[in-house]
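A structural walkthrough
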Amino acid sequence: MKISINKSRPLWWVISAVIIIAGVMSMVISWQQIGYPLRPGLDFVGGTRLQVERDCSKPENCKQAVDIAVVREVAKEQGLANSSIQISGKNGVLIRSKTLNVEERSKLQAALSEKIGEFDPKKTQIDTVGPTLGRQLFSSGIKALLAAFTGIVIYLSFRFQLDYAVFAIVAIFHDILITVGIFSILGLVGGIELDSLFIVALLTITGFSVNDTVVIYDRIRETLKNDSGRPITEIVDDAVNQTLPRSVNTTLTTLLPLFAIFLFGGETLRNFSLALIIGFAMGAYSSIFIASTLLTWWRERYQQEPILESNQSVDA
């Protein structure tokens, strides 16, 4: 089966635009409500994270599910009304609050234990991160992303041509924006917070996206070398169809273990794997339907005559 991606390229652009606009609107709303475009986790803003789980080996201790209203009331009594509170499973509680000292943490645990049941000390986790470290993590993550973008532009400009590099970066921004936008929405409706692994996920998405785009662009360039007289629309459609099985198979085989991590990898890796699932899926989509169609549009509009690639000698 042969698909003509350029025939319906306005549709692909509209789909992407709708998703991106929804994400941007969510970030604006999130900024107004909590002061951040995405809901930051402990890694970025600092504070204390307390995760406890009831000891079900004790009689009647786990008879009823944890009532989040009761947990909120206890937190309010301890002066932690603005804390983020989540119920983990049927018997677990996760509280993210301002930085607490040992005495304050002990009081909070004792008050919670009195209201909802005794906790299993082996499953209690307490983490404290200072705001300075949080700012350093965020700053380092942004610098790493900018360095990755710069390196990609330089590499693709030498390997191909500048217009290839520009549209590859547009496709990467497309994937990053959609991933960030979806997590902004999840932060608003589900209270999902981001940690330092989210920056790692964005860097990984960047590499995956550009890899798929380079494969398609390389096939386009080779076809232009050998048959430069054909319309650019036909050349790009052929290149996409020739590389489509590879793109689909690579993406599917990558997503399968990520779904396994998401389902069975535990709370720590769940958001990380979800970000990769979204980003990798969007990376395959943008390489086929965004980067390729934008290059076609550009060549049709501003380069009426087919241009032989200037870097033929590089890969000869």
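To start, this report covers the structure provided alongside it.

What counts, and at which threshold
- Residue indices follow the written sequence of each chain, beginning from 1 at its first position.
- Note on the predicted model: pLDDT of at least 70 is required for a residue's local features to be given, and 80 or more for side-chain atom pairs to be given and counted; whole-chain, interface and lining totals, by contrast, use all residues.
- With hydrogens and water set aside, each side-chain value is computed from the structure's full complement of heavy atoms.
- In DSSP terms, a helix is any run of H or I states spanning at least four residues, a strand is any run of E spanning at least two, and both are numbered starting from the N terminus.
- Two things to know: the radius of gyration comes from C-alpha atoms, and the globule rule equals 2.2 Å times the number of residues to the power 0.38.
- Under the scheme applied here, a residue whose accessible area is under 20% of the maximum for its type counts as buried, over 50% as exposed, and between as partly exposed, the area being computed with a 1.4 Å probe on protein chains only.
- For this analysis, residues touch if any pair of their heavy atoms sits within 4.5 Å.
- His residues and chain termini do not enter the charge count, which takes Lys and Arg as positive and Asp and Glu as negative.
- Working definition for charges: the position is that of NZ of Lys, CZ of Arg, CG of Asp or CD of Glu.
- For a helix, the expected span equals 1.5 Å multiplied by the residue count minus one.
- Salt bridge, as used here, is a side-chain nitrogen of Lys or Arg placed within 4 Å of a carboxyl oxygen of Asp or Glu.
- The rule for a disulfide is simple: a pair of cysteine sulfur atoms within 2.5 Å.
- In summary, the pairing rule links any two rings of Phe, Tyr or Trp, Trp by its six-membered ring, whose centres are within 6.5 Å, and it sorts them by plane angle into stacked for under 30 degrees, edge-to-face for over 60 and tilted for everything else.
- We count a charge as sitting over a ring when the NZ of a lysine or the CZ of an arginine lies within 6 Å of the ring centre and within 35 degrees of the ring normal.
- Only when DSSP finds a minimum of two bridges between them are two strands counted as paired.
- This arc is built from the directions going out from the helix axis to the C-beta atoms.
- Angles here are taken between N-to-C directions and fall from 0 to 180 degrees, while the axes themselves are lines fitted to C-alpha atoms, restricted in helices to the stretch in contact.
- Side-chain atoms within 4.5 Å are what join buried Ala, Val, Leu, Ile, Met, Phe, Trp, Tyr and Cys residues into a set we call a nonpolar core.

Considering the overall build of the chain
When you go through the chain residue by residue, the secondary structure sums to nine helices and four strands. Ordered by position from N to C terminus, the α and β elements of the chain give α-α-β-α-β-β-α-β-α-α-α-α-α. On C-alpha atoms alone, the chain measures out to a radius of gyration of 25 Å, which is more than a quarter above the 20 Å that the 2.2 N^0.38 rule sets for 316 residues. Summarising its shape, the C-alpha atoms of the chain cover approximately 80 × 40 × 35 Å along the three principal directions. A burial count over the chain gives 44% of its 316 residues as buried. Within the chain, contacts between residues at least 6 apart in sequence are counted, and of these 77% link residues at least 24 apart. Considering the chain, the positive charge centre built from 29 side chains and the negative charge centre built from 29 side chains are found 3 Å apart.

Observations concerning helix H1 (residues 9–34)
Spanning 26 residues, H1 covers 37 Å between terminal C-alpha atoms, matching the ideal 38 Å at 1.5 Å per step. Buried residues along H1 sit against helix H6 (162–190) and helix H9 (267–302). Taken from the residues just after H1, Gly-35 is the one with a positive phi, measuring 85 degrees.

Some points on the side chain of Asp-120
Structurally, Asp-120 is set in the loop between helix H4 (102–116) and strand S4 (125–129). Nearest to the buried, unbridged Asp-120 among oppositely charged side chains is Lys-123, at 4.5 Å. Sequence-distant contacts of Asp-120, defined by excluding residues within four places in its chain, comprise Glu-53, Arg-54 and Asp-55.

Quick word on the state of the cysteines
Throughout the structure, instances matching the rule amount to one disulfide. Two residues, Cys-56 and Cys-62, share a disulfide whose sulfurs are 2.2 Å apart. Between Cys-56 and Cys-62, the S-S torsion sits near -100 degrees, and that sign places the bridge as left-handed.

Details of the packing of aromatic side chains
Within this structure, the stated rule accounts for eight aromatic pairs. Note on Trp-12 and Phe-289: the rings are 4.4 Å apart at their centroids and 45 degrees apart in plane angle, and the pair reads as tilted. Of this pair, Trp-12 sits in helix H1 while Phe-289 sits in helix H9, placing them 277 residues apart in sequence. Each member of the pair, Trp-12 as well as Phe-289, is classed as buried. Here the aromatic rings of Tyr-285 and Phe-289 are separated by 5.1 Å at their centres, their planes lie at 40 degrees, and the arrangement is tilted. Within this pair, Tyr-285 and its partner Phe-289 are both found in helix H9, separated by four residues, close to a single helical turn. The buried category is assigned to Phe-289, whose relative accessible area is 17%. Here the aromatic cluster, defined as three or more aromatic residues joined through ring pairs, consists of Trp-12, Tyr-285 and Phe-289. Sitting over the face of the ring of Phe-262, Arg-270 holds its NZ or CZ atom 6.0 Å from the ring centroid.

Overview of the pairing of strand S2 (residues 84–88)
Across five bridges, S2 lies against strand S3 (residues 92–97) in antiparallel orientation. Each bridged residue has a counterpart across the sheet, and for Ile-85 the counterpart in S3 is Ile-95.

Examining H4
Across its 15 residues, H4 extends 21 Å between first and last C-alpha, which sits within 8% of the 21 Å expected from 1.5 Å per residue. Within H4 the residues assigned to the buried category are Arg-105, Leu-108, Ala-111, Leu-112 and Ile-116. Take H4 and look down its axis: the buried residues cluster within an arc of 130 degrees, on one side only. Seen from the open side of H4, the exposed residues pointing more than 90 degrees away from its buried face are Val-102, Glu-103 and Glu-114. Residues of H4 that are buried sit in contact with strand S1 (47–53), helix H3 (68–77), S3 and S4.

With respect to the sheet that holds S4
Pairing in this open sheet of four strands is antiparallel, and the strands run S2-S3-S1-S4 from one edge to the other. At either margin of the open sheet sits one strand with a lone partner, and together these are S2 and S4. Taken over all neighbouring pairs, the strand axes of this sheet differ in orientation by 10 degrees on average, direction set aside. The strands touched by H3 are S2 and S3; relative to S2, the strand with the most contacts, the crossing angle is about 145 degrees.

Topic: the nonpolar core
Core analysis: the biggest nonpolar cluster contains 58 residues, and Leu-156, Phe-183, Phe-198, Tyr-217 and Ile-220 have the highest contact counts within it. Take this core: its biggest share by element is 15 residues, from H9. With sequence-adjacent residues up to four places away left out, Ile-220 is seen in contact with Tyr-164, Ile-235, Val-236, Ala-239 and Leu-295. In this structure, Val-74, Leu-80, Ile-95 and Ala-111 belong to the second largest nonpolar core, which totals 16 residues.

Worth remembering: the numbers are spatial, not functional.
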